[in-house]
Amino acid sequence: MSIHPGTAAERKAPGSHTPANPAKARRRSPTRVNPALYLFPLPAVAVVAFFLVMPTLQAFQYAITDWNGFSAAFNYVGLDNFIRAFTKDSLFTNALTNNLKFVLLVVIAQTLFSLILALLLTRNSRGSILLRALFFFPTILSSVSVAFIWKFIYDPNFGLANSVLRTVGVDGGAYLGNDAQALYWVAVTQVWFHSGQMMVVYIAGLQAIPRELYEAAEMDGANKWQQFKSITWPFVAPATSIVVAYTTVQSFKAFDLILGIAGNPPKSSLDILSTRIYSTFANSEFGYAAAQSIIFMAMIALVTWLQRRLLRLTPKGD
Amino acid sequence: MSQISRRQAMAILGALGFGATAAACAGPGGSTAPGGASGPAAPSTGAVTGKVSFAHWRGEDKAVFDELIKRFAAKHDGVEVAQDISTSNDYNAQALQKLRGGSIGDAFATFRGAQFKNFTEAGIYTELKDSQAVKNYQKGLLSAGQNGDSQLGLPYQVVFPMPMANVDLFDKAGAEIAPKNWDAFLAMCEKLASAGVIPISWPGGDVGNGGQLFNCMIANNAPVDDMCAQIEQGKLKCTDDWFIKMLNQYKDLKPFVQPNATGTAVEPAQNLFSQGKAAMLATGSYHIAAVRGLGAKFPIDLVFPNTTSDGNGKYEGVYNATFILGVNSASKNQAAAAAWIDFLSEPENAGYYANQTAQHVSVDKVEYTNPDLKRLSPWLQKKTALAARFQFNNLDVRNAVEASATAVISGTSPEQAAAAAQKIVDERL
């Protein structure tokens, strides 16, 4: 049996001639197409360019200016705005610290809470369907409504929390008025607001687990914890990656909830990056606010990338 | 049509992309600000017709403006005024951008201070110096709308950002409603507390309304009248003795404000006052209509926390001339917008606005029939300081300086609170 020499391209095109230099040949034989075909994606390209690319590019440009947002005059200041954010602006670093603390709190609490809810409500009884709907209910509310409901709950004078505590003889606190605790109380609201949504993600993962695995494990004498560790967790681990990533981005951008619950501007104990950026825009520091927005965007991208690297939770199949 | 290669197509797209990048990199604010460098011009004249957008933040006055709009439309055939109302915070943040296009806010209002300054620099105002409207105002109350020789805006409202008092509770407790000095003020609070009521309802959880008390506390403490401007410029410091003294006086107030005051929003604070649980509401006369709406039936007066020790303070109270009316230089219907401002500035219409909203106005020869306004009218003649917090042009500085007072109420030492505020000021110098 003889072996036909030459490249795969030559083999699959028996009628073609063999060029002396295949690389050069690739350059010389471009695909020629009707230019009219390139007109078809143009509307989409234009929309993306106009509404996405240009504003993003402009944000980068504003970030290196001292533009105040309305004046025709401005100066290019290089990286001054970025340096200022980290070295000369304690309000920004305070907001950054608050935001990281808030994200950490919410991600841990929301992931655990929504997983526990999902585990408790996976049974297909009538009661569990009702409870699922009940826990999912906050998700369908607007964040502004949620903010105002919880603002009322936390009010020290007329609020529900202190009213209930007073009935059992306990003096409630100032909640949002206590700088040391305020962020925790908003985190409670955020977890209440979004856990139902994350619970649904977990329920979807749990319902994909074949029941036979549990039956087999029970026959082998595995207890509930062993069943969770060896069957449930491997199946819901990918859902955890989704929940953590989504919750992280969501809590980085809890702008509407914070502004609704804490007012505008929020006190420094409740100031997070998005509210700080908003305040900076309102303070007519457009260039500086644009720089803060870019730092914010980079931070979310970095944290999300780190999570993907660290949380490679995939099912351990055999 | 001849065919092109993929490489050529990529080159064309690349060139387009480069063009888009270059376009994106056109200078920010590339157009000259409306109004131009030659200074503001008077609103253009012409027929009073077409649609006028009136932008402001006083949602609570909507019905009153609706009635005034009806009366205005009855005078001018074919004219229509639409209210574009935002909340005050959103208005602060977004109004300038909205107004620049000219489609919103042919006529508009601004806050005194930083917002007025920004609008002035942006060239949003037209010159109202020679308008019919300006002649109707009390001369002494027009300064908040002036920039150099120009009268760009007309400060419409006169409000007193001082604690409002439930006169019945004061009488019942035998408390003095006009304390001469700081000790007398504290003694008054003590009497009210002994009578079983909260002396001061203070919305410490609401940055804007909680900050109004600052106007009273700083008026007689500061060494100069432009104290807040000087703090922002670094000439005066929050760590100065006079400022620390003021923070110590805030500390004196701590037993007399409601429990957990730093977490109280403005509506619950109003409720405490309206329900007779608190003798004073430390916001200002601009909340009279709100507390009446909440059912307050008692007579209301104002109390000035005189912070002097000997009673010889420079000021007997604090006022603010705000809700500055202007005509948008970018408006395409300046004639009708100017006519609307003229209409609002007529004593009869200003009087209707004042009596319906329970707010004094800067317009002269207005007859106040509202019982609350009649009762508070003597304050118009007193020696009152123009509210100092609006001297701040940087909102971060303003919030930080006012937050020092809130921090003291929540337990931070005056020295620490002052140092924290000064740090923010120093960063922004």
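Above this text is the structure in question.
Residues numbered from 1 in each chain as written. Chains lettered and ligands numbered in written order. Predicted model: local features only at pLDDT ≥ 70, side-chain atom pairs only at ≥ 80, totals over all residues. Heavy atoms only, no water.

**Student:** Looking at this model, I keep getting lost on the overall build of chain A. Mind explaining?
**Tutor:** Scanning chain A for helices and strands turns up 14 helices and one strand. Among the 318 residues that make up chain A, the fraction classed as buried is 42%. Pairs at least 24 residues apart make up 66% of the contacts formed inside chain A by residues separated by at least 6 positions. Total accessible area on chain A is roughly 17800 Å²; 68% of this is exposed by carbon and sulfur atoms. (Helix = DSSP H or I, 4+ residues; strand = E, 2+ residues; numbered from the N terminus. Buried < 20%, exposed > 50% of the residue type's maximum accessible area, 1.4 Å probe, protein only. Contact = heavy atoms within 4.5 Å. Areas by Shrake-Rupley, 256 points an atom, 1.4 Å probe, with all protein chains shown as cover.)

**Student:** Looking at this structure, how should I read the layout of surface pockets?
**Tutor:** Regions of empty space are outlined by a rolling probe, equal in size to a water molecule, passed over the atoms. Its boundaries defined by the atoms lining it, the second largest pocket holds a volume of some 790 Å³. Around the second largest pocket, the lining comprises 38 residues; the ones closest to its centre are Lys267 and Ser268 of chain A together with Asn399, Ala400 and Ala403 of chain B. Contributions of two or more residues to the lining of the second largest pocket are made by helix H5 (90–120) of chain A together with helix H7 (207–210), helix H16 (395–409) and helix H17 (414–427) of chain B. Per-element tally for the lining of the second largest pocket: the top contributor is H16 of chain B, with nine residues. (1 Å grid on protein atoms, 1.4 Å probe; cavity = no way out; pocket = protein on both sides within 12 Å on 5 of 7 lines; lining within 4 Å. Points joined across faces, edges and corners; volume = space filled by probe spheres on them.)

**Student:** What is the right way to read the sheet that holds strand S10 (residues 278–281) of chain B from this model?
**Tutor:** The pairing of strands in a sheet happens through backbone hydrogen bonds and is either parallel or antiparallel. Residues and elements named next belong to chain B. Taken in spatial order, the four strands of this open sheet run S9-S10-S8-S11, and their pairing is mixed. Each end of this open sheet is capped by a strand with a single partner; those strands are strand S9 (198–201) and strand S11 (300–302). Between one strand axis and the next, the sheet turns through 30° on average, direction left out of account. (Pairing = 2+ DSSP bridges. Axes fitted to C-alpha atoms, helices over the stretch in contact; angles between N-to-C directions.)

**Student:** Even after reading the chapter, I still don't get the pattern of salt bridges, so can you show me in this structure?
**Tutor:** If the charged atoms of two oppositely charged side chains come close together, the side chains can form a pair. Inspection of the entire model under this criterion finds 20 salt bridges over all chains. A salt bridge links Asp66 of chain B to Lys62 of chain B, with the shortest nitrogen-to-oxygen separation between them at 2.9 Å. Placement of both Asp66 of chain B and Lys62 of chain B in helix H2 (residues 62–75) is noted, with a separation of four residues, approximately one turn of the helix. Residue class for Asp66 of chain B comes out partly exposed when judged on its relative accessible area of 31%. A salt bridge links Arg71 of chain B to Glu67 of chain B; the nearest nitrogen and oxygen atoms lie 3.1 Å apart. Note that Arg71 of chain B and Glu67 of chain B are positioned in helix H2 at a spacing of four residues, about one turn of the helix. A residue is classified by how much of its surface remains accessible, and Arg71 of chain B, at 30% relative accessible area, is partly exposed. Here the salt bridges do not stand alone but share partners, grouping Asp89, Asp271 and Arg276 of chain A together with Asp396, Lys423, Glu427 and Arg428 of chain B into one network. (Salt bridge = Lys/Arg side-chain N within 4 Å of Asp/Glu carboxyl O.)

**Student:** What exactly am I supposed to notice about the pairing of strand S3 (residues 79–85) of chain B here?
**Tutor:** All names here are of chain B. The pairing of strand S2 (residues 50–56) with S3 spans seven bridges and is classified as parallel. Across the sheet, the residue bridging to Val52 is Val81, located in S3. In this fold, S2 hands off to H2, which returns the chain to S3; that crossover is right-handed. (Right-handed = clockwise from strand over helix to strand, strands pointing away.)

**Student:** I would appreciate a short explanation of the packing of aromatic side chains in the present structure.
**Tutor:** By convention here, two paired aromatic rings are described through the distance between centres and the angle between planes. Residues and elements named next belong to chain B. Scanning the entire structure with this criterion turns up 36 aromatic pairs over all chains. Seen from their ring centres, Trp57 and Tyr91 are 5.2 Å apart, and the 55° between their planes marks the pair as tilted. With Trp57 in the loop between S2 and H2 and Tyr91 in helix H3 (residues 88–100), the pair connects residues that are 34 residues apart, well separated along the chain. Each member of the pair Trp57 and Tyr91 is classed as buried. (Phe/Tyr/Trp six-rings, centres within 6.5 Å; stacked < 30°, edge-to-face > 60°.)

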